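# Examining the three-dimensional arrangement
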Amino acid sequence: MTTIWIAGSTHRTTQVAKTLHQDSRFSVTHIITPSPRKIGRKQEEKNNPLHQFALDNKITTTLVDKKIDSSIKEKLEKVKKPDILIVVDFGFLIPSWLLDLPKIAPLNIHPSLLPRWRGSTPGPSVLLHGDKKSAVTLMIMNEKMDEGPILSQIPFTVDPTWTQTEYYQTSFDLIWEKLGDHIEQFLQKKIIPSIQPTKSPTPTALKLTKEKAFISWNEIKNAMQNGEKATEIERASRAFYPWPKLWTKVITNKGKKRFIIHSCFIDEKKHLQLDKVQLEGKSINNWSEIKNSVLE
């Protein structure tokens, strides 16, 4: 039976863990995941989804606080080495010694058509640039960012209404169904790894921050009035949803307020139309219901 370690944190990593845990060809023997974080107003500690999965299934776990340091190395080197290490949504730099730890290979699931959109957040970049085709990639990791040999790619068409949520859900739904088979074919040498070109045809995928999701209110007004940058803004509203959300600053009779655009669309005149919006301190509303609160 092939032994597997999994490094990650999110519900997507957890689904990978569940898929392989339920597959009789594999044994998930160790989890590497971030330490519990304090969240909410009460600052209560909460386990991430993968950590909770490990606890529920009594899988040995190594918790990482700020980085994978020498103490983590010392702990992991005392554990029986896995055949395969799989990294999904981990959030930490993987040192070379950890990449070398598995007996066969370290693998990564990357939701883009590599070598396009290398980096930690490919989904928003795909949506921002209006890519019509993409893929989810299973690859062997090396010390360079998303440049390792490709084992398999499952292509899909990008729906023009998708947000990040639908993009990533589609990507991982496709790979979950075939992950065990792809790993098994790799182990049996039925898959020949494909070497990527050194240079990507696209920039590194945009790293999401609240600052990068800001757009000026004047640009939004121009897009509504004459269609200027309307397509770019509509794409951005989907690419930045559900986080960090496209936002701006508007003037109201109570001063300048943060204004979030939850959704918008392009009308038949190619002009931008706001749909669901949220004024600072208020709940989500239709634009038509609150537009009189925004002073031109």
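Heads up: the structure comes first, above all this text.
Keep in mind the model is a prediction, meaning the values are calculated, not measured. (Residues numbered from 1 in each chain as written. Predicted model: local features only at pLDDT ≥ 70, side-chain atom pairs only at ≥ 80, totals over all residues. Heavy atoms only, no water.)

### Focus: the sheet that holds strand β9 (residues 150-157)
Put simply, the rule is: Only strands that DSSP links by at least two bridges are regarded as paired with each other. Secondary structure counts use DSSP, requiring at least four H or I residues in a row for a helix and at least two E residues in a row for a strand, with both numbered from the N terminus. Note on definitions: angles span 0 to 180 degrees between N-to-C directions of axes, and those axes are lines fitted to C-alpha atoms, for helices only across the stretch in contact. In what follows, a contact means two residues having at least one pair of non-hydrogen atoms within 4.5 Å.
Taken in spatial order, the seven strands of this open sheet run β5-β2-β1-β6-β7-β8-β9, and their pairing is mixed. The open sheet has two edge strands, β5 (61-64) and β9, and neither has a second partner. Between one strand axis and the next, the sheet turns by 20° as a mean value, whatever way the strands run. Note: strand β1 (residues 2-8) against strand β2 (residues 26-34), six bridges, orientation parallel. Residue pairing for β2: tryptophan 5 is matched across the bridge by histidine 30. Lying on the sheet, helix α2 (residues 49-56) is in contact with β1, β2 and β5; it crosses β2 at an angle near 135°.

### Digging into the packing of helix α1 (residues 11-21) against helix α6 (residues 164-187)
Operational definition: Throughout, the term roughly parallel applies to angles under 35 degrees, roughly antiparallel to angles over 145, roughly perpendicular to angles from 65 to 115, and oblique to all others. Helix crossings get a hand from a simple test, with the near helix turned counterclockwise from the far one by less than a right angle marking a left-handed crossing and a clockwise turn marking a right-handed one.
Where α1 contacts α6, the axes come no closer than 10 Å and their chain directions differ by 25°. Compared by their axis directions, α1 and α6 come out roughly parallel. Here α1 and α6 pass one another in a crossing that is right-handed. Together, Arg12, Gln15, Val16, Thr19 and Leu20 of α1 and Tyr168, Phe172, Trp176, Leu179, Gly180 and Ile183 of α6 make up the contact between the two elements.

### As for the packing of aromatic side chains
To keep it simple, the criterion reads: Ring pairs shown here join Phe, Tyr and Trp side chains whose ring centres sit within 6.5 Å, with only the six-membered ring taken for Trp; geometry is labelled stacked below 30 degrees between planes, edge-to-face above 60, and tilted in between. Only protein chains enter the accessibility calculation, which uses a 1.4 Å probe. A residue is then buried if its area is under 20% of the maximum for its type, exposed if over 50%, and partly exposed in between.
Scanning all chains against the criterion turns up ten aromatic pairs. With a centroid separation of 5.8 Å and an interplanar angle of 80°, the aromatic rings of tryptophan 217 and phenylalanine 259 are classed as edge-to-face. Taken together, the residues span a long stretch of sequence, with tryptophan 217 in helix α7 (residues 217-226) and phenylalanine 259 in strand β11 (residues 255-261) at a distance of 42 residues. Here tryptophan 217 falls in the buried class, since its relative accessible area comes to 9%. Assessed through its relative accessible area of 0%, phenylalanine 259 is described here as buried. Between phenylalanine 259 and tryptophan 287, the ring centres sit 5.8 Å apart and the planes meet at 65°, which makes this aromatic pair edge-to-face. Of this pair, phenylalanine 259 sits in strand β11 while tryptophan 287 sits in helix α9 (residues 287-290); the two residues are 28 residues apart in sequence, bridging distant segments of the chain. Note on tryptophan 287: relative accessible area 10%, which makes it buried.

### A few points about the environment of lysine 229
Quick note on the threshold: Polar contact is defined as a pair of N or O atoms within 3.5 Å, subject to the rule that within protein one atom must be able to donate a hydrogen and the other to accept it, and that residues adjacent in sequence are counted only when both atoms are side-chain atoms.
If you trace the backbone, lysine 229 turns up in the loop between α7 and α8 (230-239). Lysine 229 gets classed as partly exposed once you look at its relative accessible area, which sits at 43%. For the pair lysine 229 and lysine 270, spaced 41 residues apart in sequence, the C-alpha to C-alpha distance is 9.8 Å. Among all residues touching lysine 229, those that are not within four sequence positions of it are Glu219 and Ala223. Separated by 3.0 Å, the side chains of lysine 229 and glutamate 219 make a polar contact.

### Details of the side chain of serine 171
Along the chain, serine 171 falls in helix α6. Those residues in contact with serine 171 that lie beyond four places of it in its chain are Pro111, Val136 and Phe156.

### Thoughts on the pattern of salt bridges
The cut-off we apply is this: Each reported salt bridge corresponds to a side-chain nitrogen of Lys or Arg within 4 Å of a carboxyl oxygen of Asp or Glu.
On inspection of all chains with the given rule, the structure shows eight salt bridges. Several salt bridges converge on common partners, so that one network encompasses Asp23, Arg25 and Asp181.

### Considering the packing of α1 against α2
What counts is decided by this rule: Each residue is assigned to one class: nonpolar for Ala, Val, Leu, Ile, Met, Phe, Trp, Tyr, Cys and Pro, charged for Asp, Glu, Lys and Arg, and polar for all the others, Gly among them.
In the contact formed by α1 and α2, the axes pass within 7 Å of each other and the chain directions differ by 30°. In terms of axis orientation, α1 runs roughly parallel to α2. Counting all contacts with α1, which are made through His11, Thr13, Thr14, Ala17, Lys18 and His21, the residues of α2 involved are Pro49, Leu50 and Phe53. Within the contact of α1 with α2, the residues separate by chemical class into four nonpolar, four polar and one charged.

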